[in-house]
Amino acid sequence: MTQTIRYGLVGTGMMGCEHIRNIRLIPGARITAIADPVEASLDWADASLGDQRPARFRSAEDLAEKGEIDAVIVSSPNYTHRDVLAPLFERDVAILCEKPLATTIPDASWIVEQAERRSAPFWTGMEYRYMPPVARFVEQVHGGRVGKLHMVSMREHRFPFLVKVGDWNRFARNTGGTMVEKCCHFFDLMRLITRSEAVRVYCSGAMDVNHVDERYGGEQPDIIDNSYTVVDFADGTRALLDLCMFAEGAEHQEEISATGDEARLDVLIPPGELVWSPRVPLRAPKRVERELVAVDEAAMAAGSHHGATFHQHEAFARAVRGEGPIEVTARDGLLAVAIGVAAEISAREQRAVELKELI
């Protein structure tokens, strides 16, 4: 028999509802409590809950005190994570906290300190690791398919930030800035792929197209909508992130390349294709191999992250049951935030930022 896990959720907006749909696909999972201060958000959850009718609360404190839970998902707005986690840390429950772990390095560091003192699992939500094509890509890079890795290139050309409750995601003070809010996924992947730590960040970015004419309480948004970010790693590997959030017509939303001394490997999402291009002598025929990585249809339909949310929940459930490791720690979350903060500083101050300045 599969051990039943009773889940609570704090934050039932767009990402919270995606978590609900994916938790329902996990054998032995039940959603027993949800919390959100906005009644409309709690109502949105009903469409994703199916026949499950969890207790409803208006705060993390109430859910922590009264909810019958074994694990909790935190998918509230970025700037609330520290306050939301504080009462949850007082209970011996497993926690999955959505990215970014926090909007500032001090808050993220505090979360790490609390998480590392407790025995219950703490997991930072980094869905991009769990896209099946990306997971296969990382496996092949680590398996030596490109030889010695020297360069990692990532491109996300996508749609603008969506509208959120209270328009909180229009201001860097709430999100940590685009390079923290959106790009911590990619900075986490850079660390995962290189198996090294960032030492230096340079970012050139601005808000050029999106949100320029928007005003909220008379205030103009201040979030980057396009950037190039270069990250130097301790082992000599370098990585590039090319972000554009006004390119919703692009064929591939994400493209990741790893280039070593023997070959280049690309992953394209969609369609989830891996392309391997070994080095050949000048003017010799190219020897390109392609592999399409299948994704479970139910997992694909349950979210907007190419099946990743489901596979992340599979791994998290194993950790909750004591059957698997914590694969993305609070410290992983902190280090991704730190690279994002460095990129935000770099874009504003037009200089390279050393990570030792920050942590």
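Details of the structure are given in the entry above.
In every chain, residue numbers begin from 1 and rise along the written sequence. Side-chain atom pairs in this predicted model are given and counted only at pLDDT of 80 or more, local residue features only at pLDDT of at least 70, and totals for whole chains, interfaces and linings cover all residues. The side-chain figures draw on all heavy atoms in the structure; neither hydrogens nor water molecules are used.

**Q** Would you explain the overall build of the chain in this entry?
**A** Numbering goes from the N terminus for both helices and strands, where a helix is a DSSP run of H or I of at least four residues and a strand is a run of E of at least two. Helix and strand content of the chain: twelve helices and 15 strands. With respect to the three principal axes, the spread of C-alpha positions in the chain is 70 × 55 × 40 Å. For the chain, the residues scored as buried account for 56% of the 359 residues in total. For the chain, long-range pairs separated by at least 24 residues make up 68% of all intrachain contacts whose partners lie at least 6 apart in sequence. By the counting rule applied here, Lys and Arg register as positive and Asp and Glu as negative, while His and the ends of each chain are not counted. By convention, charge coordinates are those of NZ in Lys, CZ in Arg, CG in Asp, or CD in Glu. Charged side chains in the chain number 40 positive and 54 negative. The centres of these two groups are separated by 4 Å. Buried residues are those whose accessible area, probed at 1.4 Å on protein chains only, stays under 20% of the maximum for their type, while exposed residues exceed 50% and partly exposed ones sit between those limits. Note on contacts: a residue pair qualifies if any of its non-hydrogen atoms lie within 4.5 Å across the two residues.

**Q** It is not clear to me how the sheet that holds strand E6 (residues 122-125) should be interpreted in this structure. Could you clarify?
**A** Sheets are built from strands that pair by backbone hydrogen bonding, the pairs being arranged parallel or antiparallel. The six strands are arranged E3-E2-E1-E4-E5-E6 in an open sheet whose pairing can be described as parallel. Strands with a single pairing partner mark the edges of an open sheet, and in this sheet they are strand E3 (55-57) and E6. Along the sheet, successive strands turn relative to each other by an average axial angle of 20°, direction set aside. Pairing between two strands is assigned when DSSP locates at least 2 bridges connecting them. One ladder, built from six bridges, connects strand E1 (residues 5-10) with strand E2 (residues 29-35); its direction is parallel. For helices, the fitted axis covers only the stretch in contact; all axes are lines through C-alpha atoms, and the angles between them, taken along N-to-C directions, range from 0 to 180 degrees.

**Q** Please explain a nonpolar patch on the surface as it appears in this structure.
**A** On the surface, a cluster of nonpolar side chains totalling about 350 Å² of accessible area is made up of Tyr202, Tyr228, Val230 and Leu240. Counting through the fold element by element, Tyr228 comes out in strand E9 (residues 226-233). Here a patch means residues that are over 30% exposed by relative accessible area and free of salt bridges, tied together within 9 Å if like-charged and within 5 Å if nonpolar (Val, Leu, Ile, Met, Phe, Trp, Tyr). Only the protein chains shown count as cover for residues, and the accessible areas themselves come from Shrake-Rupley with a 1.4 Å probe. Here a salt bridge means any side-chain nitrogen of Lys or Arg lying within 4 Å of a carboxyl oxygen belonging to Asp or Glu.

**Q** Is there a simple way to explain the packing of aromatic side chains in this structure?
**A** The description of an aromatic ring pair uses the distance of the two centres, along with the angle that the planes make with each other. Any two of the Phe, Tyr and Trp rings considered here, Trp counted by its six-membered ring, make a pair once their centres fall within 6.5 Å; the pair's planes then place it as stacked at under 30 degrees, edge-to-face at over 60, or tilted in between. The tally for this structure, following the rule as stated, stands at seven aromatic pairs. When the centroid spacing of 6.2 Å and the interplanar angle of 65° are considered together, the rings of Tyr79 and Trp168 count as edge-to-face. Of this pair, Tyr79 sits in the loop between strand E4 (71-74) and helix H4 (81-89) while Trp168 sits in the loop between strand E7 (149-157) and helix H7 (172-175), and the two are 89 residues apart along the sequence. A residue is classified by how much of its surface remains accessible, and Tyr79, at 40% relative accessible area, is partly exposed. Centroid distance Tyr128 to Phe186: 5.1 Å. Interplanar angle 80°. Geometry classified as edge-to-face.

**Q** Got a minute to help me understand the pairing of E4 in this structure?
**A** Looking along a regular strand, one sees side chains alternate from face to face of the sheet. Going residue by residue along E4, you find Ala71 and Ile73 tucked away on one face and Val72 and Val74 tucked away on the opposite face as well. Sheet analysis places E1 next to E4, joined by four bridges and oriented parallel. Paired with Gly8 across the strands is Val72, a residue of E4. In the sheet, E4 pairs with strand E5 (residues 94-98) via four bridges, with the strands oriented parallel. Bridge assignment links Val72 to a residue of E5, and that residue is Ile95. When the strands point away from the viewer, a crossover counts as right-handed if the route from the first strand across the helix to the second turns clockwise. Taken together, E4, H4 and E5 constitute a β-α-β crossover, and its handedness is right-handed.

**Q** How do you make sense of the environment of Met179 when you look at a structure like this?
**A** Within the fold, Met179 resides in helix H8 (residues 178-181). For Met179, a relative accessible area of 0% gives the class buried. Expressed as a C-alpha distance, the spacing of Met179 and Ala336, which sit 157 residues apart in the sequence, is 9.9 Å. Those residues in contact with Met179 that lie beyond four places of it in its chain are Cys184, Phe187, Cys203, Ile224, Ser227, Thr229, Gly340, Ala343 and Glu344.

**Q** Would you explain helix H5 (residues 105-117) in this entry?
**A** Helical periodicity: at 3.6 residues per turn, an α-helix aligns residues three or four positions apart in one direction. One less than the number of residues in a helix, times 1.5 Å, gives the span that helix is expected to have. For H5, which comprises 13 residues, the first-to-last C-alpha distance of 19 Å matches the rise-based estimate of 18 Å (1.5 Å per residue) to within 8%. For H5, the set of buried residues is Ile105, Ala108, Trp110, Ile111, Val112, Gln114 and Ala115. If you check the start of H5, you find a side-chain oxygen 3.2 Å away from the backbone N of Asp107, and it comes from Thr104. Under the rule applied, a polar contact is a pair of N or O atoms within 3.5 Å (in protein, one hydrogen donor and one hydrogen acceptor; residues adjacent in sequence only if both atoms are side-chain atoms).

**Q** In this structure, what is going on with the pattern of salt bridges? I would like to understand it.
**A** For side chains bearing opposite charge, pairing can occur when the charged atoms are close. For the structure on display, the rule yields 26 salt bridges. Measuring nitrogen to oxygen at the nearest pair gives 2.9 Å for the salt bridge that ties Arg264 to Asp266. Look at the salt bridges and you will find they share partners, linking Glu39, Asp43, Asp46, Arg56 and Arg58 into a network.

**Q** I keep staring at the pairing of E9 and nothing clicks. Help me out?
**A** Both strand E8 (residues 198-206) and E9 contribute to a ladder of eight bridges, which runs antiparallel. Bridge pairing links Gly205 to Ser227 in E9. Two strands pair when backbone bridges link them, and E9 and strand E10 (residues 238-244) are joined in this way by seven bridges, in the antiparallel orientation. Residue pairing in the sheet places Val230 in a bridge with Leu240 of E10.

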